[in-house]
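Summary of the model geometry
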Amino acid sequence: MSTLVIKDLKVSVTENEQEHLILKGVNLTLHTGETHAIMGPNGTGKSTLSETIMGNPAYHVVSGSVTLDGKDLLSQTVDQRARAGLFLAMQYPAEIKGVTNVEFLRAAVNARRDKDDPISVTDFLADLDHNLELLNMTDEMAERYLNEGFSGGEKKRNEILQLLMIKPKFAILDEIDSGLDIDALQVVAKGVNALKNPDFGTLMITHYQRLLNYIVPDYVHVMMGGRIVKTGDADLANKLEAEGYAGLRDELHLDVSLTDDE
């Protein structure tokens, strides 16, 4: 079992030449074998958390720690964090011309293996074929340049294809459901659920309860004002769907402004 621990994490970003504190003391512990969901209103720091865990230099860690199996992650580069077992499915996947999906995937898989033990072509292609079929993706998509010309839904499926091929310890899914219709959402969820095992953990970031109908979380965390203010099971997401974030804010007597407040 692996453990990802976020302790009293405070993070700022630079806007208009001024530093703005976004995360104001996030505490969260994840174990492999668990599925966690983070929900919260716009602007509360959910994507900031995912980008900070993965090492985006635009986000500045003011204090706190992030460790994987007791080892400090904040001192590591993005590629070191990925080799250690982290994976981020991005909200807006980038297009990379000149690099095919197949080339990218094989390089990514081998990056987590010993240099003298690359995956065999036969094993790689067998795994690729299996995962393409699972996600209803064509062989032609695997030969195209990475995300170039892909629709929004195809890009999200491609992120999950990468997840299935790389098989990290922890996957951070940043609004993987945004822009997906029900059919595409079901396929994406099918891919994530296919990886569920004692050696794999998931952290999903979402606005909507509907994703949690297909990927059922063990824990639901609510973020407001740059902190996790409440943790529960899947029923908490149903409560949020029915009552909204303002209701929870008032119940907890929080002095937090919501984006949709008039």
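The notes below deal with the structure included here. (Residues numbered from 1 in each chain as written. Predicted model: local features only at pLDDT ≥ 70, side-chain atom pairs only at ≥ 80, totals over all residues. Heavy atoms only, no water.)

Another point: the sheet that holds strand β12 (residues 227–232). Taken together, the six strands give an open sheet; going across it, the order is β6-β9-β10-β3-β11-β12, and neighbouring strands pair in mixed fashion. Looking at the sheet topology across the chains shown, the edges are occupied by β6 (86–89) and β12. With strand direction ignored, the average angle separating the axes of adjacent strands in the sheet is 20 degrees. Pairing of strand β9 (residues 170–174) with strand β10 (residues 201–205), which is carried by five bridges, proceeds in the parallel orientation. Bridged to Ile 172 within β10 is Leu 203. Set on the sheet, helix α6 (residues 152–166) makes contact with β6 and β9; between it and β6 the angle comes to about 165 degrees. Each of β3 (35–39), β11 (219–224) and β12 touches helix α8 (residues 234–251); the most contacted strand, β11, lies at about 15 degrees to it. (Pairing = 2+ DSSP bridges. Helix = DSSP H or I, 4+ residues; strand = E, 2+ residues; numbered from the N terminus. Axes fitted to C-alpha atoms, helices over the stretch in contact; angles between N-to-C directions. Contact = heavy atoms within 4.5 Å.)

A word on the sheet that holds strand β2 (residues 18–31). Strand order in this open sheet of four strands is β2-β1-β4-β5, and the pairing throughout is antiparallel. Lying at the two open borders of the sheet, with one neighbouring strand each, are β2 and β5 (71–72). Sheet topology places strand β1 (residues 3–15) next to β2; eleven bridges connect them, and they run antiparallel. Residue pairing in the sheet places Val 13 in a bridge with His 20 of β2. With respect to the sheet, helix α1 (residues 46–54) is in contact with β1, β2 and β4 (60–68), its orientation differing from that of β1 by roughly 110 degrees.

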